[in-house]
Amino acid sequence: MAQLKWGLIGASNIASGHMIAAMRATGGSVNTVLSSDAARGIAYADENDIPHSTTDLDHLLARDDVNAVYISTTNEKHKDQALAAIAAGKHVLCEKPLAMTVADAVAMVRAAQAAGVTFATNHHLRNAGTHLAMREAVQAGRVGEVQAVRVFHAVYLPEHLQGWRLDNPAAGGGVIPDIVVHDADTVRFHLGEDPESVVAQDSVAGLGKGVEDSVMSAWQMPSGALVQTHEGFTIRYAGSGFEIHGSEGSIIARNVMTQQPIGTVVLRSASGEEAISYSDHNLYERALTRFAEAVSGNGAPAATGVDGVKSLAVAAAVKEAATTGTRVTVDYGGI
Ligand code: NDP
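It should be emphasised that the depicted structure is a prediction, and the values quoted were computed from it without experimental measurement. Throughout this description, residue numbers start from 1 for each chain and increase along the sequence as written. With the structure being a predicted model, the display of local features is reserved for residues of pLDDT at least 70 and the display and counting of side-chain atom pairs for 80 or more, all residues being used for whole-chain, interface and lining totals. Side-chain metrics in this entry use all non-hydrogen atoms of the structure; hydrogen atoms and water are not considered.

(A) Molecular detail of the packing of helix 4 (residues 78-87) against helix 5 (residues 102-115). Only the stretch in contact is used when a helix axis is fitted, and all axes are lines through C-alpha atoms; the angle between N-to-C directions ranges over 0 to 180 degrees. Only DSSP runs of H or I covering at least 4 residues are called helices, and only runs of E covering at least 2 are called strands; the numbering of each starts at the N terminus. Running from N to C, helix 4 and helix 5 cross one another at 10°; their axes reach a closest spacing of 10 Å. Judged by the inter-axis angle, helix 4 sits roughly parallel to helix 5. Every residue of helix 5 that contacts helix 4 at H78, K79, A82, L83 and I86 is listed here: D104, A107, M108, A111, A112 and A115. Should an angle fall under 35 degrees it is taken as roughly parallel, and over 145 as roughly antiparallel, whereas 65 to 115 is taken as roughly perpendicular and any remaining angle as oblique. Here, residues are in contact when the closest pair of their heavy atoms is within 4.5 Å.

In structure tokens form, the structure reads like this:
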């Protein structure tokens, strides 16, 4: 497996809370961090045991001890930073949503393809033992023909994250770019198809200051299956869930739309209820292992750039449907 020497683009919570430890646990080193603020960068490097920090992206990309970058800045910065990293020949793991528009995300994927570098989207849920077990059950025909999916992903946004997500649409704030993308990717992972069209309603339910903090939507899949989703930043006690309903059975999963390797998965059918067991490995470590393998030429990342384009396209359609009050055909940008 490739030895990854990481440069962090963004002194973010997700990097310090999950990714740095996962990079080290999977054999990588974290060698420098980019922040727009020199003092914050120095403090972040110090707190996270990173030997260098910089405010200059070109300086980070010129370093010999960086062969891969992890982009976790606010969403409006992802595109230009990714294109610069790709031009410098670095492998790129980019946070979701990949960009502010589908066209920009497509440009990022095409640039990485042309440069021959590995490009991935950090959709962590594909790496959860719960979702892997659910997908295996669906592929084994245990629910029969899938008729409907229900996604429950309305949570309470932790106080330390109540910044740009609530008040800054220019930075990509709002629950739709933040959470609908994950749900779109997870549905794509389980069903192997993407919605043709969506309808939606959103609202500013309490925390939001200028952007939506709550949304419900319904998606029409090419197979005829329907998908219903609820995403929110203001719901304290619901817990999350994912249900797949088919002609022969239903999978009922609870507390599985999370960063932790937790939750319950039950298959309900004519035979009764059966608990589905799953591996409780770290989600981000699995994503990073798949990324390093892909860099070595062995397989694809868990979520590719194309996966990131598809999930962004669904989120963009949900936003347009909620704003216009119409059914919107999803535009995948030709990819
Ligand atoms: P943060 O708000 O922690 O960080 C985003 C940017 O905000 C940083 O790049 C940093 O800028 C700036 N920043 C951070 N802390 C401070 C501070 N105390 N004062 C001033 N500025 C600060 O974002 P998240 O970690 O929550 O999200 C980053 C990205 O990761 C987003 O794209 C998000 O969608 C994604 N994400 C993905 C998750 C997943 O599981 N896949 C989970 C959570 C987030 P600078 O770098 O210039 O210092």
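The structure having been displayed, the exposition proceeds.
(B) A look at the site of the ligand. In these notes, residues near a molecule or strand are those with any non-hydrogen atom within 4 Å of it. As a structural note, the neighbourhood of the ligand is formed by 25 residues, with N13, S35, S36, N75 and Y284 the closest of them. The contact in question runs from an oxygen atom of the ligand to an N or O atom on the backbone of A11, over 2.8 Å. Polar contact criterion, stated in full: a pair of N or O atoms within 3.5 Å, where within protein one must be able to donate a hydrogen and the other to accept it, and residues adjacent in sequence count only if both atoms are side-chain atoms. T73 places a main-chain nitrogen or oxygen 3.4 Å from an oxygen atom of the ligand. Using a 1.4 Å probe, accessible areas were evaluated by the Shrake-Rupley method; residue-level cover was limited to the displayed protein chains. Summarising the interface, the protein chains cover 79% of the accessible area of the ligand, which totals 900 Å² for the free molecule. Contributing elements (two or more residues each) for the shell around the ligand: helix 1 (13-25), helix 7 (164-167) and helix 8 (175-191). Three categories are distinguished: nonpolar for Ala, Val, Leu, Ile, Met, Phe, Trp, Tyr, Cys and Pro, charged for Asp, Glu, Lys and Arg, and polar for the others, with Gly belonging to the last. Across the shell around the ligand, the residue classes break down as six nonpolar, 14 polar and five charged. Where a domain begins and ends is set by an automatic assignment or by a domain database. Residue assignment places the shell around the ligand across two domains, with domain 1 (5-124) and domain 2 (126-283 + 313-329) each supplying three or more.

(C) Geometry of the nonpolar core. Nonpolar cores are built from buried Ala, Val, Leu, Ile, Met, Phe, Trp, Tyr and Cys residues. Side-chain atoms within 4.5 Å join them into one set. Any residue under 20% of the maximum accessible area for its type is buried, any over 50% is exposed, and the rest in between are partly exposed; the area is computed with a 1.4 Å probe on protein chains only. Grouped together as the largest cluster of nonpolar side chains are 72 residues, with contacts concentrated most on F119 and W219. Take this core: its biggest share by element is nine residues, from helix 10 (residues 305-324). If you look at the next biggest cluster of nonpolar residues, it comprises 21 residues, including L8, I20, V30 and A68.

(D) Representation of the packing of aromatic side chains in the model. Pairing of aromatic side chains requires ring centres within 6.5 Å, counting the rings of Phe and Tyr and the six-membered ring of Trp. Pairs whose planes differ by under 30 degrees are stacked, by over 60 edge-to-face, and all others tilted. As enumerated under the stated definition, the model contains one aromatic pair in all. We call a charge positioned over a ring when the NZ of a Lys or the CZ of an Arg lies within 6 Å of the ring centre and within 35 degrees of the ring normal. Across from the ring centre of Y156, 3.9 Å away, lies the NZ or CZ of R236, which sits over that ring. Above the ring of Y332, the side-chain terminus of K310 is found at 5.0 Å from the ring centroid.

(E) Fine view of the pairing of strand 7 (residues 146-154). Taken together, the six bridges between strand 7 and strand 11 (residues 241-246) define a ladder with antiparallel strand orientation. Considered in strand 11, the bridge of A148 is made with H245. In this structure, strand 7 lies alongside strand 10 (residues 226-232), joined through seven bridges in parallel fashion. Residue pairing for strand 10: V149 is matched across the bridge by V227. Note: two strands are recorded as paired if DSSP finds a minimum of 2 bridges between them.

(F) Geometry of the sheet that holds strand 3 (residues 52-54). Reading across the sheet, the six strands line up as 3-2-1-4-5-6 and stay open at both edges, with parallel pairing between neighbours. Sheet topology places strand 3 and strand 6 (119-121) at the edges, where each strand pairs with a single neighbour. Adjacent strand axes in the sheet meet at a mean angle of 20° when their direction is disregarded. Pairing of strand 1 (residues 5-9) with strand 4 (residues 68-71), which is carried by four bridges, proceeds in the parallel orientation. Paired with G7 across the strands is V69, a residue of strand 4. Each of strand 1, strand 4, strand 5 (91-94) and strand 6 is contacted by helix 9 (residues 283-295), which is oriented at about 155° to strand 5, the strand it contacts most.

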